[in-house]
Structure formats: structure tokens, C-alpha cells
Amino acid sequence: MTHRTHQRSPSPQPDSSEPTLLKRLKSSHISDAASAPGAVPDPTPHFAPDLFGPSNIHRLHTEYDGSAPFKHAVVDKLFQDDLLQRVKDEALAELSFSEKETDIYKVYQTGDLASLSFLDQQQIALLPSLLTLRDALYSPMFRSFLRAVTGCGPLSGTKQDMSIVSYRKGCHLLNHDDVIGSRRVSYILYMPLPHYQGWQREWGGALELYPVKPGTDGVPEPEAVPSKSIPPVWNQFVFFEVQPGYSFHSVEEVVVGESEDGRQRLSISGWFHAAQPGEEGYQPDHQPELKSSREQLASTQTDFRSYPDTIEPPLPNEPLSEEHASFLSEFLNPVYLQARTMKALASRFVEESSLELHSFLCAPLADKLRTGLRERDDADGLGQHRATRIPPHTAGASEDGAWAARGPPHKWRYCTLRAPAAGGSKTAVSPRWAHTDPDAAVRSLQDELYPSAAFRAWLACVSNLLPMRYAAEARRFRPGLDYTLATSEAGETRLDVVLGLTPQVEVHEPMVTNGSAPGEEPVRGWQSGEWGGWECYMAPHDEEDDPAVYRSGSSKKKATNGVNGSNGTNGTNGSNGTVKGHVENEEADMLDADADEDADEEEEEDDGTLLTVQPGFNRLLLVLRDEGVMRFVKYVSAAAEGSRWDICGEFEIGMVQEEEMDSDASS
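Asker: Quick question: what am I supposed to make of the pattern of salt bridges here?
Answerer: If charged atoms from side chains of opposite charge come close, those side chains can pair. For the structure on display, the rule yields 29 salt bridges. In this structure, Glu-535 and Arg-644 form a salt bridge, with 3.4 Å as the shortest nitrogen-oxygen distance. Pair noted here: Glu-535 is in strand β23 (residues 535–538) and Arg-644 is in strand β29 (residues 644–654), with a separation of 109 residues, a long-range link. As far as burial versus exposure is concerned, Glu-535 and Arg-644 are alike and both buried. Of the charged contacts in the structure, one is a salt bridge between Arg-625 and Glu-650, with a shortest N-O distance of 3.4 Å.

Structure follows, in C-alpha cells:
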């Protein structure tokens with residue numbers, strides 16, 4: 001099965017039409033003085049001494065050629081320190097930062113600084129140092145310097161592409177290669193705050209560089225773990241040539257906040273583009289030999305398995321056989337095996353195309369998983385009291401453990417169960433909840449429940465669909481490390497069946513926080529949205545839009561808190577009519593939709609979000625995912641007190657048509 005992803009920028013791009021670049025003033029007209037041609041002033045005095053010296057350029061070129069995992073260079077001090085401090089002060093005082101969040105990043109960013117040229121004199125007077133720095137960066141002298149170090153070829157002085165980006169607590173940028181359009185050199189100039197205190201490695205925010213290996217189709221793809229990490233240092237300049245299939249990098253989550261001495265990872269970042277038409281050295285774009293990370297997302301495949309031909313496929317209107325009911329009773333809450341319940345679920349699924357079933361597993365199995373998975377996180381250094389907020393990449397994925405990290409990280413990164421050793425003994429456990437090892441219990445759900453003929457028959461009963469082939473995978477999303485990026489079906493509808501197994505936050509004492517009434521439990525952790533990990537479905541989009549930009553800040557949290565404010569699900573009537581609404585089932589008779597659902601649906605229609613489900617424990621989500629609907633699991637924040645766990649099933653489906661008897665034949 002082939003997926004495709006939306007065409008969105010793999011890294012936050014400055015908005016060239018940003019109307020509120022300045023806090024206090026807005027662009028009104030193009031100043032003649034600002035746009036008047038004239039002699040380019042010598043930028044040398046603004047840079048650090050000896051930057052352009054032949055010996056320094058030779059040293060940087062040698063280091064660049066010998067660097068790994070791909071060619072990059074680090075200039076320890078780029079500008080005169082007093083200039084950079086003034087730039088920092090102007091940016092914080094005069095520029096407006098907007099929160100931007102997609103499946104791949106969360107940042108605070110200014111508008112495109114190229115638009116400074118279109119401000120009037122009064123506005124430019126507020127940003128003299130920033131304008132000086134920008135012009136120095138894109139000056140012929142500095143572009144020649146970059147060419148000498150990298151050998152990248154002619155760079156454009158007219159196509160400027162830069163912004164100031166603030167990574168505050170929880171901000172991150174996931175793996176990508178920066179390949180878009182005519183970009184040739186990526187760069188970042190660090191201004192971490194506070195300036196007087198050096199940035200500590202344990203605060204996060206490091207630039208991570210990834211080695212590559214041949215993928216299954218021979219195309220290079222990044223390894224799951226970065227091989228180099230560059231933490232932010234004041235006035236440090238990092239740059240590299242943009243290379244499809246090689247320049248894979250990410251930015252580690254920042255785990256400190258502005259409330260802690262004003263800490264934020266402030267930087268100026270952007271790209272130098274190839275020479276544009278009319279500039280010296282311009283060459284028409286040629287198609288690169290390797291696909292970019294964005295293009296590679298379009299070739300994702302799911303490995304489906306077929307049911308045995310010897311077993312007759314179930315019919316949706318047939319009741320469960322005694323044998324199937326007996327098998328399922330070792331896994332499922334008995335309420336979901338009652339004919340009345342299944343009939344009610346089928347009716348609701350036909351109407352809503354999605355269901356969320358609470359308390360899905362039988363109590364003994366759920367209790368063992370709730371305790372066991374929390375203990376597994378503690379043992380693997382991923383629990384609430386771990387030594388560092390950002391765990392090492394080996395956490396929970398040691399070579400001798402049950403779980404292994406799965407990449408490639410420009411598409412996803414999470415842990416899956418290792419295949420049992422060849423020839424190893426397999427002990428049958430009955431009842432299934434008698435497993436003492438939580439990993440074994442999870443494996444039983446993955447390898448026994450999901451592929452079974454009994455579960456296939458149950459799905460047919462509650463969905464009125466016929467599962468034809470299946471894929472099932474236990475997934476562990478570790479805090480500070482794991483996620484999936486948005487993909488969508490190329491041409492067919494799929495049935496997603498996801499069993500959430502994420503233990504929830506235990507609140508021991510009623511307290512008043514975030515507007516909670518006295519005596520109410522505060523909404524925090526997974527259900528507040530602050531830890532990420534939510535499963536998000538988004539409507540098809542116009543190619544001009546950035547479809548993965550969804551509600552952020554307070555409006556996003558309101559949406560993801562769910563219709564009832566506790567179950568973490570919300571739905572909207574999408575234009576495709578497939579993914580919408582929800583069902584909450586604590587018991588068999590809890591099948592009524594919340595009365596406020598319509599209001600929430602109307603509110604959410606504008607941002608394209610069809611369904612958002614926060615991580616939950618012992619909840620089964622069924623979603624009929626139509627063609628073009630995008631789906632992803634948001635990066636799990638390092639703030640989370642444990643892993644996000646689930647069993648993710650995906651089913652190719654068919655529609656069952658009853659044959660009508662010919663009137664002659666029936667007579």
C-alpha cells in the first residue's frame with residue numbers, strides 16, 4: 001500500500017507577507033531611500049576579526065571536507081559581539097513572533113527579514129543593527145566566503161531567505177533535509193538567552209546531524225539515531241550545503257522556559273539560494289538524482305498480510321460464533337461481546353464513521369498492562385523520575401531488550417517489538433491476561449488478537465465492513481524522541497483500529513488549576529495536550545496551503561481536550577464525509593453523543609482538523625479513513641512522564657453486498 005504526504009515545508013519558513021513583522025508599526029509603503037541603488041558598504045568591520053583571512057578559510061574548508069555525518073562547518077564567532085547584542089535587543093523589542101506548529105515542528109518565528117527592505121524610514125530606524133547584519137550576511141564578500149569553504153557554486157544576493165526563530169520550552173524541529181526549490185546552503189546563527197549565561201547541553205535545543213544508510217529501495221535514508229549534536233553557543237554560525245538524501249538534521253526539544261532566567265534558544269536561520277535569473281552564475285534548475293525527504297514520504301508502504309484462504313470471510317450481519325466469542329472473552333470487556341452492544345455500535349459507526357470505545361480490554365488484562373507498562377518505563381529510564389528530561393536514544397531500545405527503534409526518522413521514529421528469536425520456544429498462556437511480563441501481554445495483542453479470525457468477525461459486526469487484509473504493530477513512543485509524520489492514502493479507504501495503552505496521570509488530591517472548579521481534578525498531562533502524542537486526522541487540502549498547520553496555543557488545547565473535556569476526542573464534519581464525530585463507551589448503554597458536539601464541529605471546520613484523539617488507556621479507536629485524509633502522531637514531548645503506547649492496526653476493507661434472488665429462481 002502506498003501513502004503520500006501533504007506538500008508542506010519540512011522546516012518553518014518565514015512568511016514573506018507577514019503583516020505584523022513589527023510590533024509597533026506596520027508596513028505602509030516602499031521607501032525610495034530604502035530601495036535606492038547605491039554602493040554596497042564594506043561589511044568587514046561587522047564580522048569577527050580574521051574571518052576572511054586565507055588561513056582561516058583554508059582551515060574551515062579542510063574541516064568542512066572532513067566533517068561527518070555530512071559536510072558542515074562551525075564558525076565559533078561570526079560577528080562583532082556588540083552588533084549581535086544590539087540585534088538581539090532590537091528583535092525582542094520591535095519584532096513580532098508568531099507560534100507555528102505542524103506535525104514536524106513547533107517554533108516561534110518572525111516574518112521574513114527580506115521584507116525589511118520594504119519598510120519606510122521611520123520603521124527602519126527601529127532596526128538599524130538587524131538591517132546591518134542582514135546586509136552583511138548576503139553581501140558579495142560573505143557569499144564568496146561561503147563558496148570558498150563549501151565549493152557550493154554561485155549564491156544569490158537578491159533572493160534572501162531568513163527569519164529569527166525562538167525555541168521556547170516544548171519547541172522542536174524533527175528530521176528533514178531542507179531541500180526545497182533553489183536552496184543551496186542552510187545556516188543558523190545562535191543568540192541563546194540569557195546572553196550572560198552559557199547555554200547548557202541538558203537544556204536541549206541542540207542541532208542534530210544524521211548519517212544515512214541505503215533504504216529498501218536503495219535510496220539513502222537517515223539512521224534512527226543522530227551521530228553528531230551541536231548545542232547552541234552565542235555568536236556561533238553553523239552551515240552546510242543542502243543535499244537531497246544526505247543533509248538530514250533536526251533540532252532537539254528545548255526543555256527549559258522563559259520563566260527560568262528568560263531562557264530561550266534564539267537564532268537567526270535561513271538559506272542561501274542558488275544564483276537567480278539575471279545574476280552571475282545562474283543555471284536553470286536541474287532535477288537532483290536523489291529525492292528530498294519530502295518526496296520520500298510519498299513512497300511509504302505498509303506491509304499487509306492476508307487471512308488464510310481456508311477460513312470463510314465473516315458477514316457483518318452474522319452473530320459471533322460461540323468459538324469466536326470464547327476466544328475474544330480472554331481479551332475483551334464482555335460488554336463489547338453482547339449482541340445488543342455490537343448492534344448499537346454498528347449503527348453509530350455507519351452514521352459517524354468513527355468510534356472510541358472505553359474500557360475495551362477485560363479488567364484483569366487492563367490492570368496488568370496499566371501497572372506493567374508504567375514499570376517498564378521506569379526500568380528503561382523513561383518514567384516520571386528519569387535522570388534527564390531528554391532521554392538518550394538508546395533508552396527503551398537496548399540491543400538485548402524487547403523493543404527496537406524503528407525509522408527512518410524523516411518519516412517516523414518509534415519503538416516496535418523485536419521479532420522472537422528463530423527457533424525460540426513459545427509458551428501458550430491461558431487465559432491471556434495471565435502473562436506476567438507486560439511485553440508478552442502486548443505481543444499477545446499484536447500477534448494473537450489483531451490477526452485472529454475472531455477479531456476480524458467482531459470488526460465486521462461493529463463496522464458493517466469486511467476486513468480483507470491486515471497490518472498490526474505494537475508501538476511505543478518515547479518522551480523527547482518519537483513521532484510519526486503526516487501521510488495519506490493514495491487511492492483507497494482504510495479502517496484504522498488503534499488500541500490506546502498509555503497509562504494516565506494519577507492525581508491524588510483535588511486541587512484548583514487552570515480554571516478548574518474546587519474539587520475537580522485538573523486537566524494536565526496527556527489530556528491537556530501539553531505532552532503531545534495525539535493522533536490527528538486532517539482533511540485534504542489545497543496545494544497552496546500548509547495543511548499540517550493546526551490550532552496551537554490555547555485554541556488548540558481547547559480542541560484537543562475533546563468534546564466532553566475528558567476523553568480527548570473531538571470530531572468535525574469533514575468535506576469527505578468519512579471521518580467525523582465520536583462515540584464514548586464506558587458501559588454498553590453509553591452511546592449518546594455529547595450535546596455540544598455540533599458547536600465544536602462548527603468551530604473546528606476552518607482549520608481542517610477532522611479528528612484529534614489524545615493518548616488514552618484501554619481505549620479502542622476505529623476510524624474509517626477516506627482517500628486523501630492525512631494522519632499523524634504528534635511528537636511526544638520530553639515533558640511527558642512516560643511513553644505513549646498503542647497497538648496500531650490498519651485494514652484493507654471491502655463492502656459486503658447481498659445477492660438478490662431472482663424472482664424466477666425463488667418461485
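The structure having been displayed, the exposition proceeds.
Asker: What am I meant to see in the packing of aromatic side chains here?
Answerer: Considering all chains together, one arrives at 23 aromatic pairs under this definition. Each ring, one from Tyr-187 and one from Phe-272, has its centre 5.1 Å from the other, and the planes form 50°; the classification is tilted. With Tyr-187 in strand β7 (residues 183–190) and Phe-272 in strand β14 (residues 265–274), this residue pair connects regions lying 85 residues apart in the sequence. What makes Tyr-187 buried here is its relative accessible area of 3%. What makes Phe-272 buried here is its relative accessible area of 0%. The structure contains a cluster of three or more aromatic residues connected by ring pairs, namely Phe-47, Phe-52, Phe-79, Tyr-138, Phe-142, Phe-145, Tyr-187, Phe-237, Phe-239 and Phe-272. A cation over an aromatic ring shows up here: Arg-183 above the ring of Trp-271, its NZ or CZ 3.5 Å from the ring centre. Over the aromatic face of Tyr-307 sits the side chain of Arg-456, whose NZ or CZ is 4.0 Å from the ring centroid.

Asker: Could you clarify how one ought to interpret unusual backbone geometry in this entry?
Answerer: If a residue is not glycine, its phi is most likely negative; likewise, a peptide bond is most likely trans. Cis geometry is adopted by the peptide bond preceding Pro-194, which originates at Leu-193 and carries an omega value of 0°. Here Gly-407 and Pro-408 are connected by a cis peptide whose omega angle stands at 5°. Its place among the elements puts Pro-408 in the loop between β17 (403–406) and β18 (412–417). A positive phi angle is found at Asp-178, which is not glycine, with a value near 70°. Mapped onto the fold, Asp-178 is located in the loop between β6 (172–176) and β7.

Conventions adopted
- Residues numbered from 1 in each chain as written.
- Predicted model: local features only at pLDDT ≥ 70, side-chain atom pairs only at ≥ 80, totals over all residues.
- Heavy atoms only, no water.
- Salt bridge = Lys/Arg side-chain N within 4 Å of Asp/Glu carboxyl O.
- Helix = DSSP H or I, 4+ residues; strand = E, 2+ residues; numbered from the N terminus.
- Buried < 20%, exposed > 50% of the residue type's maximum accessible area, 1.4 Å probe, protein only.
- Phe/Tyr/Trp six-rings, centres within 6.5 Å; stacked < 30°, edge-to-face > 60°.
- Lys NZ or Arg CZ within 6 Å of the ring centre and 35° of its normal.

Everything listed here is a matter of coordinates, which is why it stays silent on function.
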